[in-house]
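These are the residues of each chain, in order.
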Amino acid sequence: MYFEDLSLCDYHSGPYASCSWSVPLLAIGWLEHPHSFSKGGTLHELSQRLEEFTYASRKCYPSYCFRGVHQCSHCLLGERGNPRSVQTHVNLWIPGERVVYIAPALIIHYIGDHGYHPPDEFIAAVMRCPEYGSSSYCDALQAANVGLPPPLKLKDQVDAEFKEQLERALALRGMRATPPGTGA
Ligand SMILES: [Zn+2]
């Protein structure tokens with residue numbers, strides 16, 4: 001899937017759709033062969049932060065991992081025809097100033113192996129972004145979304161809502177979600 005950098009991302013429902021947010025959801029690093037992209041500079045610190053975010057995202061937001069994966073079409077189809085198939089199913093949401101950026105975790109590979117240089121405003125947003133999935137991160141995301149709750153739920157929230165729904169459904173049928181004697 002190709003999106004030009006800083007264009008509106010409307011890929012899927014929920015947090016992937018621009019209409020789910022109160023501010024523009026801007027695509028970053030959705031590169032595809034044969035579209036060209038900006039290059040230059042060494043961005044070790046940026047890559048390191050994005051790696052930390054990707055690792056945290058798998059733990060904090062597992063329900064938003066794609067069912068399919070993004071593959072690097074520049075490796076598969078590019079000039080050098082590298083047969084290596086780099087892929088990931090993680091995406092990252094980065095709070096900006098009255099915008100939210102969405103980048104595939106494959107951006108780390110694009111930066112490291114293809115010399116991709118994302119827009120400076122995105123780099124600045126990543127460098128000031130709190131620890132991914134932390135309460136400060138959730139606050140920053142909500143602030144970027146003009147103070148409204150973002151359509152992105154932490155694993156604990158998703159689990160709690162699922163449990164609540166299950167208990168409600170079982171209560172309707174006169175059943176209990178937890179075995180008797182557990183104190184629940
Ligand atoms: Zn590649």
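Residues numbered from 1 in each chain as written. Predicted model: local features only at pLDDT ≥ 70, side-chain atom pairs only at ≥ 80, totals over all residues. Heavy atoms only, no water.

In the annotation of an unreviewed UniProt entry, the protein chain is listed under the name DUF7919 domain-containing protein and assigned to Prosthecobacter vanneervenii.

Participant: Could you clarify how one ought to interpret the packing of aromatic side chains in this entry?
Facilitator: Aromatic ring pairs are reported here in terms of the distance separating the ring centres and the angle at which the planes meet. Tallied over the full model, the rule gives eight aromatic pairs. Ring geometry for F37 and Y116: centres 5.9 Å apart, planes at 80 degrees, overall edge-to-face. Here F37 is found in the loop between strand 1 (25–27) and helix 1 (44–60), whereas its partner Y116 is found in the loop between helix 3 (107–114) and helix 4 (120–128), with 79 residues between them in sequence. With relative accessibility at 0%, the residue Y116 sits in the buried group. Pairing F53 with Y132 gives two aromatic rings, centres 5.4 Å apart and planes at 35 degrees, and the pair type is tilted. (Phe/Tyr/Trp six-rings, centres within 6.5 Å; stacked < 30°, edge-to-face > 60°. Helix = DSSP H or I, 4+ residues; strand = E, 2+ residues; numbered from the N terminus. Buried < 20%, exposed > 50% of the residue type's maximum accessible area, 1.4 Å probe, protein only.)

Participant: What is the right way to look at the coordination of the zinc ion in this model?
Facilitator: Geometrically, a metal with four donors at the corners of a regular tetrahedron has ideal angles of 109.5 degrees, and one with six donors at the corners of a regular octahedron has ideal angles of 90 or 180 degrees. In this structure, C72 (SG), C75 (SG), H109 (NE2) and H114 (NE2) serve as the protein donors to the zinc ion, at separations of 1.9 to 2.2 Å. Taken in sequence order, the residues that donate to the zinc ion follow the motif C-x2-C-x33-H-x4-H. Placement of C72 in the loop between strand 2 (70–71) and helix 2 (73–77) and of H114 in helix 3 is noted, with a sequence separation of 42 residues between them. Residue classification places C72 among the buried positions, given a relative accessible area of 0%. Here H114 falls in the buried class, since its relative accessible area comes to 15%. (Donors = N, O, S within 2.8 Å, 3.2 Å for Na, K, Ca; no water.)

Participant: Teacher, can you tell me more about the layout of surface pockets here?
Facilitator: Gaps left between atoms show up when a probe the size of a water molecule is rolled over them. There is about 150 Å³ of room inside the second largest pocket. If you trace the second largest pocket, you find it lined by Y61, C138, D139, L141, Q142, P149, P150, L152, K153, L154 and Q157. Its residues assigned to classes, the lining of the second largest pocket comprises seven nonpolar, two polar and two charged. (1 Å grid on protein atoms, 1.4 Å probe; cavity = no way out; pocket = protein on both sides within 12 Å on 5 of 7 lines; lining within 4 Å. Points joined across faces, edges and corners; volume = space filled by probe spheres on them. Nonpolar A, V, L, I, M, F, W, Y, C, P; charged D, E, K, R; others polar.)

Participant: Just to check I follow, could you spell out the environment of V100 for this structure?
Facilitator: With respect to the helices, strands and loops of the structure, V100 is situated in strand 5 (residues 100–104). Separated by 78 residues in the primary sequence, V100 and S22 have C-alpha atoms spaced 9.6 Å apart. Residues in contact with V100, not counting those within four places in the same chain, are W21, V23, P24, L25, L26, W93, I94, L141 and A144. (Contact = heavy atoms within 4.5 Å.)

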